[in-house]
Amino acid sequence: KVFQAIVSCIGGDGTIYIIPKLFETALNKLMAEIQNTFKGLGLLIPYCWKKGEACVVRGSDTLWYRAKIVEVSGSTLQVQYIDRGYIESIPQCHLYPTTFYTGIPPFCIPCQLYKTLPIGNFWQQDAVDYLQELLKNEEVEIHVKELPDNPWGKLSISLYFGGMSLSSFMAYQKYCVAEDCQDIQKMGVFEGDFSPSYLLQPLPVPGETFPVTVTHLVSPKEVYICLDSSGNFANHSATERAASCDSESLNKALKWCNKIVKTLPHLTNFKKELPCLAEYVDGLWYRAKLLSVTQLVPVQILVQFVDYGTYLVAPTSRLRHIPCHLLKYPVQAVRVLLAGFRPASHDKNVERIPYSPEWSLKALWTMVDCVEGKRLSASVLTVSPEVTISLYGDDKNLVHLKLIEMGLAELDQ
């Protein structure tokens, strides 16, 4: 069985406590009932607590939670939050014994990684801390491998985050030995003989109008577009729906990669067009490809962020190997030429685009104003030799008409 779950906590012994997404509504309903039933402080009179006894606990967030007594030691009790998994030492005044809700099974499930042996036969503290930092409160994919021998035992699972196997990842970090490590290679942490490359984004058929956003402008004529997944999803074509799902899955996978990026090796191969992860100016890591070495001492590399079209010159410290599962998502940004106009032959503006001097800088900034943050639509005219489109503004008019009005471009029939 495969399902999505939230990791609620990691136990001190490495037990992974998960709450299946299917349980979330019922758990929220139960929590609301508990808050309505128990108000005020805990039990203030002396009470003889017993190990295993059911109770409710007032947490640090002032909410009441179902719990059970794990250990009794003087005025402090060790309790386990049965719907979350974590264990905490609590003063007796924050507890209340109860038989309410004891007929409802715990919503969190204790799990262990299938056929995965920690180094030293138990999870070391640094491994537990790393798991907690990586997984707590995150949504993951669970593959059930073996049921426990008794109802209170641990479920044996394979856990995947952002498309990666947790067992393989922890084995790569030398925290454990995993019997099934075939997908360690898929993490892209080893240099192979293969030459990886990105998949191209399929476009709707010529003549079909579809929503887009412009992510980067090279010139008023040459831009990068992404299929826009917002708006009425039911009216989108199959191509747009597939692109939307790819974009959502890619964003989740990249979020995970940003959490583990320090574990990925730096690039040592600087082959042109090589896929990689690159750090942008916002401090986050995105998919990119190498274009050229711009400086040798120190080494500076020109890269392009393939999901946006933007460029960056970066030192090697900001480039890392890309996990191979990130290559299965098509590039989100597509380079296109806009049809219907050309540079004005009598544009008197002196400031020109250095790499495209037929265009003035004023024409470029005017086009930026026409497309930035706007709800645009496009229609493919040709796909060869280059993708050419008509681009329309949110008023359904061609975006380049503004440039023609201002004398910055002229019609090109």
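Criteria and cut-off values
Residues numbered from 1 in each chain as written. Predicted model: local features only at pLDDT ≥ 70, side-chain atom pairs only at ≥ 80, totals over all residues. Heavy atoms only, no water. UniProt positions renumbered as here; feature names shortened; annotations may be inferred. Domains from an automatic or database assignment. Helix = DSSP H or I, 4+ residues; strand = E, 2+ residues; numbered from the N terminus. Contact = heavy atoms within 4.5 Å. Polar contact = N/O pair within 3.5 Å; in protein donor to acceptor, adjacent residues only side chain to side chain. Phe/Tyr/Trp six-rings, centres within 6.5 Å; stacked < 30°, edge-to-face > 60°. Buried < 20%, exposed > 50% of the residue type's maximum accessible area, 1.4 Å probe, protein only. Lys NZ or Arg CZ within 6 Å of the ring centre and 35° of its normal. Pairing = 2+ DSSP bridges.

Looking at an unreviewed UniProt entry, one finds the chain named RING finger protein 17 and attributed to Erithacus rubecula. Its UniProt record gives the chain a comment under Subunit (unreviewed entry), which states: "Interacts with MXD1, MXD3, MXD4, MXI1 and PIWIL1. Self-associates." What the UniProt record of the chain gives under Function (unreviewed entry) is the line "Seems to be involved in regulation of transcriptional activity of MYC. In vitro, inhibits DNA-binding activity of Mad-MAX heterodimers. Can recruit Mad transcriptional repressors (MXD1, MXD3, MXD4 and MXI1) to the cytoplasm. May be involved in spermiogenesis."

Caption draft 1: Highlighting the domain arrangement of the chain. For the chain, the assigned domains are domain 1 (1-193), domain 2 (208-231 + 333-411) and domain 3 (250-327). Here the C-alpha centre of domain 2 lies 52 Å away from the C-alpha centre of domain 1.

Caption draft 2: Broad picture of the environment of Tyr311. Here Tyr311 shows up in strand S19 (residues 311-315). Spatially, the C-alpha atoms of Tyr311 and Pro330 are 18 Å apart, while their sequence positions differ by 19 residues. Aside from chain neighbours lying at most four places away, what touches Tyr311 is His216, Tyr224, Leu291, Leu302, Val303 and Gln304. Reaching out from Tyr311, the side chain makes a polar contact with the side chain of Tyr224 at a distance of 3.5 Å. Here Gln304 takes part through its side chain, which lies 3.3 Å from a polar atom of the side chain of Tyr311.

Caption draft 3: Just the packing of aromatic side chains, in detail. According to the stated counting rule, one finds 17 aromatic pairs in the structure shown. Relative to Trp64, the ring of Phe38 has its centre 6.0 Å away and its plane inclined at 40°; by these criteria the two rings are tilted. Of this pair, Phe38 sits in the loop between helix H1 (24-37) and strand S3 (54-58) while Trp64 sits in strand S4 (residues 64-73), and the two are 26 residues apart along the sequence. By the burial criterion, Phe38 is buried, and Trp64 matches it. Joined through ring pairs, the aromatic side chains of Phe38, Trp64, Tyr96, Phe100 and Tyr101 make up one cluster. One residue, Lys136, lies across the ring of Tyr86, its end atom 6.0 Å from the ring centre. Cation over ring: Lys221 sits above Phe341, and NZ or CZ is 5.0 Å from the ring centre.

Caption draft 4: Representation of the side chain of Ser158. Turning to its location among the elements, Ser158 is positioned in strand S11 (residues 155-161). Residue Ser158 is classed as buried on the basis of its relative accessible area, which comes to 13%. Ignoring sequence-local partners within four residues, the contact set of Ser158 consists of Tyr114, Glu141, Ile142, His143 and Lys145.

Caption draft 5: Quick peek at the pairing of S11. Counted residue by residue, S11 has six buried out of seven residues, so it is predominantly covered. Two strands pair when backbone bridges link them, and strand S8 (residues 109-113) and S11 are joined in this way by three bridges, in the parallel orientation. When the sheet's bridge partners are listed, Cys111 is paired in S11 with Leu155. Connecting S11 to the antiparallel partner strand S12 (residues 164-165) that follows it, the hairpin turn spans two residues, and Gly162 within it adopts a positive phi of roughly 55°.

Caption draft 6: Fine view of the UniProt feature "domain: Tudor" (unreviewed entry) in the chain. The sites that UniProt annotates as "domain: Tudor" (unreviewed entry) are residues 48-105 and 269-329. Secondary structure content for residues 48-105 is 0% helix and 50% strand, while the C-alpha to C-alpha distance between its ends is 25 Å. As a span, residues 269-329 carries 0% helix and 48% strand, and end to end its C-alpha atoms are 22 Å apart.

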